[in-house]
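Letter by letter, the chains look like this.
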Amino acid sequence: MWTTFFKLRLFCCLLAVLMVVVLVVNVTQVEYLDNETVSAIFIDRTGQFLSPKVTGVSRNPYCGYEQQALSVQELTEESSLLAASKWQVPDVGPVPFVESTDPSSSYFVILDSATSFKIGSQLEVIVHVQDYQKKAKKYGGDYLQAKIHSPELQAGAVGRVVDYQNGFYKVFFSLLWPGRVHVSISLVHPSEGIRVLQRLQEEKPDRVYFKSLFRSGRISETTKCNVCLPGGEPLCNFTDLYTGEPWFCFKPKKLPCSSRINHFKGGYLKGLLTSEENAFFQSDVNIKMPIKSSGPDWVTVLPGIKELSQDSGTFPSGYYYKDQWRPRQFKMHQFNDPDKVTECLQRKMVYLFGDSTIRQWFEYLTAFVPDLVEFNVGSPKNVGPFLAVDQKHGILLQYRCHGPPIRFSTVFSNELRYVANELNGIVGGKNTVVAIAIWSHFSTFPLEVYIRRLRNIRRSVIQLLDRSPKTVVVIRTANVQELGPEVSLFNSDWYTFQLDTILRRMFSGVGVYLVDAWEMTLAHYLPHKLHPDEIIVKNQLDMFLSFVCPVET
């Protein structure tokens, strides 16, 4: 009996020990899983919990962008945007200059040039590119710009270029006015130059550098700043707490980060190209050079109206006629009298955010409307912020530059504001107007930097329109500009075209209005400029004001 009792007691003890072991293992496993869950969860700016797979942590190693908490929708959109802006340049290995695209030996042919076209007809043009040995190119990738124009009518419109990747291109135009219409085709960059621009975009995003002055008492230091800085030295982290926009400066040796007093453009890196690459960027040789026609460069358009085909879409968005922009899907009013501008803006608060191309709107309005008086708020010239008021008619006009990166001379640190944050501080309503232009200062960075900035701005725009649906929000697109060998490496139209493609897609369907500065500068007869001439700015503002005060039909 005692033997049986002893065996039973031993069995119970072993069972108890086993249960304790199992309990300890389970508790340890639960704690392990809990710790793993906590470390593997991210929270995005809306408070939504996201798994590592959703964030795409390892997607982009540039500048800490791999740490972005992106939703599946944002990741999908970003991939789509990068695909839409991708340029097809064939991988053909190093190409000597004589085998690169020569605009002087290339030519275009108007199909059915002897035909009398009607308004609304589509005109097709074939472009054939050749090298400096007058040999036909066998691949594409050149960047062409195309327009039709009638100088005597001060009329013009842009064309759509299709690259067949074999040395041939087709350009499509919609004929929108009667008379003799001329065709103009220009080579902006040969495909060999585009490959160089792509390399710079990927390998030298810091080719424009920035600086900040730090000061405390009699001690001052200046250090280099950028979206991303090389490691090895202590940094000041000025990443925006609300948008997450990254910005860093090298830490001063004797001063704290809190002693920063300003931001300014440091300069441009030199010696970016090899001697062989320099040959692809020559003024009067292969930068914005005309391609001539092998036959007639014009067609005759008769007054009769032909119904546009359904696949013609909304391209181009408009055209010039007698130096006035005519949008194709919107009735634009001409604000030729300052009183008309005043009547439109009466009792309104107008906020202009962005770069110097929208600062031009502020400068035009304050010069054109006598009652709109600019207040001297002590801001640096060409930097801002600027303020103008018409007390009699209750108009407030304000301009503020966007946050870094921005290549202005000197911006005080407390004036470095992000557009998204500024929008969050606007109540909105039927008497509130917002206009945004942000593109030129992002041309040297990988496209992900621009996408992130627009994503933040778009979120704030949507929130503004949700709380105040009657607020008018206008986006001014990018524009073409004059190019030389050096400017091409930093602000080429090819870089800008990518940014413009992304901007249009990201704000499509958001409920904002678009002033198509790209077409309005490319279609005009005046030379391309970063800051367009007054007549072009006037047409931009006529369209802007027509959005604010629509023409009654």
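Summary of the structure given here. Because the structure is a prediction, the values reported are computed rather than measured.

### Some thoughts on the pairing of strand E26 (residues 472-476)
Where burial is concerned, most of E26 is hidden: five out of the five residues are buried. Residue alternation in E26 divides its side chains into two sets, Val472, Val474 and Arg476 and Val473 and Ile475, and both sets are buried. In terms of strand pairing, strand E25 (residues 432-437) meets E26 through four bridges, oriented parallel. In the sheet register, Ile436 faces E26, and the bridge partner there is Ile475. At this point the chain moves from E25, through helix H9 (residues 447-467), to the parallel E26, and the crossover so formed is right-handed. Bridge count between E26 and strand E27 (residues 513-515): three bridges; the pairing is parallel. Within the sheet, the bridge partner assigned to Ile475 lies in E27 and is Leu514.

### What to know about the packing of aromatic side chains
Scanning all chains against the criterion turns up 20 aromatic pairs. Taken together through their ring pairs, the aromatic side chains of Trp87, Tyr143, Trp494, Tyr495, Phe497 and Trp518 make up a single cluster. Over the face of the ring belonging to Trp298 we find Arg180, whose NZ or CZ atom lies 3.5 Å from the ring centre. Lying across the ring of Phe238, Arg260 places its NZ or CZ 3.8 Å from the centre.

### A short note on the sheet that holds strand E20 (residues 349-354)
Consider a sheet: its strands pair through backbone hydrogen bonds, and that pairing is either parallel or antiparallel. Sheet architecture is open: seven strands sit in the order E21-E22-E23-E20-E25-E26-E27, paired in mixed fashion. Both edges of this open sheet fall to strand E21 (373-375) and E27, since each of them pairs with a single strand only. The sheet shows a mean angle of 20° between the axes of neighbouring strands, taken without regard to direction.

Cut-offs and rules
- Residues numbered from 1 in each chain as written.
- Predicted model: local features only at pLDDT ≥ 70, side-chain atom pairs only at ≥ 80, totals over all residues.
- Heavy atoms only, no water.
- Buried < 20%, exposed > 50% of the residue type's maximum accessible area, 1.4 Å probe, protein only.
- Helix = DSSP H or I, 4+ residues; strand = E, 2+ residues; numbered from the N terminus.
- Pairing = 2+ DSSP bridges.
- Right-handed = clockwise from strand over helix to strand, strands pointing away.
- Phe/Tyr/Trp six-rings, centres within 6.5 Å; stacked < 30°, edge-to-face > 60°.
- Lys NZ or Arg CZ within 6 Å of the ring centre and 35° of its normal.
- Axes fitted to C-alpha atoms, helices over the stretch in contact; angles between N-to-C directions.

These figures capture arrangement, not role.
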